[in-house]
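Below are the chains, spelled out letter by letter.
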Amino acid sequence: MSFDKLQLDPYILARIYTQPLIPGKKEPVAVVTEAAPKVKFLGENQKNIALFIQNAGDAYLNDDLFNLLTNILNACKLGVQDIALINTAQYGNLPFSTWQAAVPMKQAVLFGIPPAAMGLEAVSAYQMVQVNGCQLICSDELQLISQDKMLKGKLWMGLKQLLGI
């Protein structure tokens with residue numbers, strides 16, 4: 001038998017030669033980073049303010065809740081062009097850092113989304129916290145806020161703190 005016709009399985013060769021045959025630099029292995037998902041949102045996000053909702057029934061909000069949100073934005077001297085309204089229902093439970101990579105944001109409000117669903121520690125409702133350089137408040141769902149004047153007041157106080165009004 002000659003060595004000319006000898007064939008070795010690549011797996012066996014890899015197990016035999018765990019170190020490079022020629023000494024020198026090891027080539028770095030490319031780290032595969034998961035790309036941020038392409039996120040659809042309502043608004044133009046001109047002021048990098050992200051508003052997160054979770055609504056599996058509609059694309060974003062029904063007319064009544066959209067009018068409430070528009071009124072809240074007007075009171076804050078903002079418009080739909082200033083924000084990114086993101087419906088998280090179609091994306092599953094992504095960590096907040098993934099959302100930050102996908103959508104530029106300096107401030108964010110979670111409407112009815114538990115912080116744990118975004119991989120965040122427990123946060124008191126309507127209290128501003130810093131998360132990876134982003135100011136964040138957690139709020140009740142817009143549906144609850146529309147029916148409770150006390151919750152509207154708490155949201156207003158939180159937004160004043162968040163936006164510096």
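For the structure, see preceding data.
A few points on the structure. (Residues numbered from 1 in each chain as written. Predicted model: local features only at pLDDT ≥ 70, side-chain atom pairs only at ≥ 80, totals over all residues. Heavy atoms only, no water.)

1. Comments concerning helix α2 (residues 63–75)
The condition that has to hold: Numbering goes from the N terminus for both helices and strands, where a helix is a DSSP run of H or I of at least four residues and a strand is a run of E of at least two. What a helix should span is 1.5 Å times the count of its residues minus one. Exposed residues in this analysis have more than 50% of their type's maximum accessible area, buried residues have under 20%, and partly exposed residues fall in between, with area computed by a 1.4 Å probe over protein chains only. An arc is given here, and it is the one of the directions from the helix axis to the C-beta atoms. Under the rule applied, a polar contact is a pair of N or O atoms within 3.5 Å (in protein, one hydrogen donor and one hydrogen acceptor; residues adjacent in sequence only if both atoms are side-chain atoms).
For α2, with 13 residues, the first-to-last C-alpha span of 18 Å sits near the 18 Å given by 1.5 Å per residue. Regarding α2, the residues found buried are L65, L68, L69, I72 and L73. For α2, the angular spread of buried residues about the axis comes to 135°, placing them on one side. Exposed side of α2, more than 90 degrees from the buried face: D63 and D64 are the residues found there. Put simply, N62 is the residue that caps the front of α2, since its side-chain oxygen is 3.2 Å from the backbone nitrogen of D64. Immediately beyond the C-terminal end of α2, within one or two residues, lies K77, with a positive phi of roughly 60°.

2. A word on the packing of aromatic side chains
Rules: For Phe, Tyr and Trp, where Trp contributes only its six-membered ring, two rings pair if their centres lie within 6.5 Å, and the inter-plane angle classes them as stacked under 30 degrees, edge-to-face over 60, or tilted in between.
Under the counting rule described, the total for this entry stands at three aromatic pairs. With centroids separated by 5.4 Å and ring planes inclined at 70°, the aromatic side chains of F52 and W99 adopt a geometry described as edge-to-face. Separated by 47 residues along the polypeptide, F52 in strand β1 (residues 49–53) and W99 in helix α3 (residues 96–102) bring together distant segments of the chain. In this pair, the class of F52 matches that of W99, namely buried.

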